[in-house]
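# Topology and contacts: notes
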Amino acid sequence: MTASHVHSHRHADAHPDPPPKRRRSFAFDMDGVLYREGELIDGAIEAVTSVRALNLPVFFVTNNSRETPEQIAVKLQQLGVDAGPEEIVSAVVATVEYLRNLPDKPEPVLVIGGDELAEQIAGAGFKVASFDDNHQIDLVVAGVDFNLTYPRLTRAVQALVNDGAEYIAVNQDPLYPTVTGLAPGAGAITAALTASSGIVPTVIGKPSPHLFNVVLERSQTSAQDLVVIGDMLQSDIAGATNIGATAILVLTGTTSRAEAEAATGNLRPNIIIDSLWDLPLDQLLSS
Ligand SMILES: [Mg+2]
């Protein structure tokens, strides 16, 4: 015990403590950042591991509304990325948080979207309306719905126009990537509802602040200390700069260097990197 004390004392003298590092939180977008078409992107595992080694909070953010946090965490783990369900902040997670924070509990909620979306909203204690009756609706949640039908759209339009229901969009992405190619995203469905009702939804997913606010609450950091790493200017970068976070664009996804360098205003990243191997942790923690 004495020997160990002496050793650590001498060690401390030889290597004085470095100045305290800035406490940052990290939010990684997934598609185009950690994986692409189901394949791990080189450097992803190491980037997440190196942030964790610094004991800093890590979150994984996505506008995806068709998988639960548990399913997404399993997908990341299968690729070798260390991730837990509580670290997954999807647009659905943020939508549920938004509903929970409303002053009056909405009841019932009409959900245009996949079964997973309706199940997560119901699982959080909200009564989800049936499409088979015409009970008055308090709130409409719209996400991507692969089983969209004209009667479903009609029910939602009547809820908005006749019932005066509040209108929430999980995200407004125009396109949705699938294994067989691009499909119309939630934005196509919300556009239809807005065209018919004249009502613009409250958007929860990126680039809206709602999703990032959940990350800030869970990590207990301020927006200025949040680092968002994404591959899309319109969602990841705009979402980050809108709240004053540090926006890092990684060129492994949908955006070219020329597009990134030409971006202006809230679409302009603070830092552009070729791959996650270039994540400038020292710079981020000292400035
Ligand atoms: Mg992406």
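Every residue gets a number counted from 1 within its own chain, in the order that chain's sequence is written. With the structure being a predicted model, the display of local features is reserved for residues of pLDDT at least 70 and the display and counting of side-chain atom pairs for 80 or more, all residues being used for whole-chain, interface and lining totals.

Before going further, it helps to spend a moment on the sheet that holds strand S4 (residues 58-62). Paired through backbone hydrogen bonds, the strands of a sheet run either parallel or antiparallel to each other. Paired strands, in this sense, are two strands between which DSSP finds at least two bridges. For the purposes of this entry, the term helix denotes a DSSP run of H or I that reaches at least four residues, the term strand denotes a run of E that reaches at least two, and both are numbered from the N terminus. Pairing is parallel in the open sheet, where six strands are placed in the order S5-S4-S1-S12-S13-S14. In the strand order of this sheet, the two ends are held by strand S5 (88-90) and strand S14 (271-273), each with one partner. This sheet shows a mean twist of 25 degrees between the axes of neighbouring strands, independent of strand direction. Taken together, the four bridges between strand S1 (residues 25-29) and strand S12 (residues 226-230) define a ladder with parallel strand orientation. Bridging across to S12, Phe26 finds its partner in Val227. Axis angles are defined between N-to-C directions and span 0 to 180 degrees, where every axis is a line fitted to C-alpha atoms and, for a helix, only to the segment in contact.

This brings us to the packing of helix H4 (residues 91-101) against helix H5 (residues 115-123). In a packed pair of helices, the relevant descriptors are the angle between the two axes and the axis-to-axis distance. H5 packs onto H4 with a crossing angle of 35 degrees between their chain directions and a minimal axis gap of 10 Å. Between H4 and H5 lies a crossing whose hand is right-handed. Across the interface between the two elements, Val92, Val96 and Leu99 from H4 touch Leu117, Gln120 and Ile121 from H5. Charged residues are taken to be Asp, Glu, Lys and Arg, nonpolar residues to be Ala, Val, Leu, Ile, Met, Phe, Trp, Tyr, Cys and Pro, and polar residues to be all remaining types, Gly included. Taken together, the residues that form the contact of H4 with H5 break down as five nonpolar, one polar and no charged. In this scheme the handedness of a crossing depends on how the near helix is turned from the far one: anticlockwise by less than a right angle means left-handed, clockwise means right-handed. Distance between backbone-placed C-beta atoms decides contact: two residues are in contact if it is within 7 Å.

Okay, the environment of Ala142 next. Tracing the backbone shows Ala142 in strand S7 (residues 139-142). Taking the C-alpha atoms as reference points, Ala142 and Val51, separated by 91 residues in sequence, lie 35 Å from one another. If near-sequence neighbours (up to four positions away) are discounted, Ala142 is found in contact with Ile112, Gly113, Ala156, Ala169, Val170, Ala186, Ile189, Thr190, Leu193 and Pro201.

Let us now look at the environment of Asp133. Along the chain, the position of Asp133 falls in the loop between H5 and S7. Put simply, a residue is buried when 20 or more other C-beta atoms lie within 10 Å of its own C-beta and exposed when 12 or fewer do; between those, it is partly exposed, and each C-beta is set from the backbone. Given 8 C-beta atoms within a 10 Å radius, Asp133 is considered exposed. In the structure, Asp133 is positioned 22 residues away from Arg155 in sequence and 9.2 Å away in space, judged by C-alpha atoms.

This is a description of form; function is not addressed.
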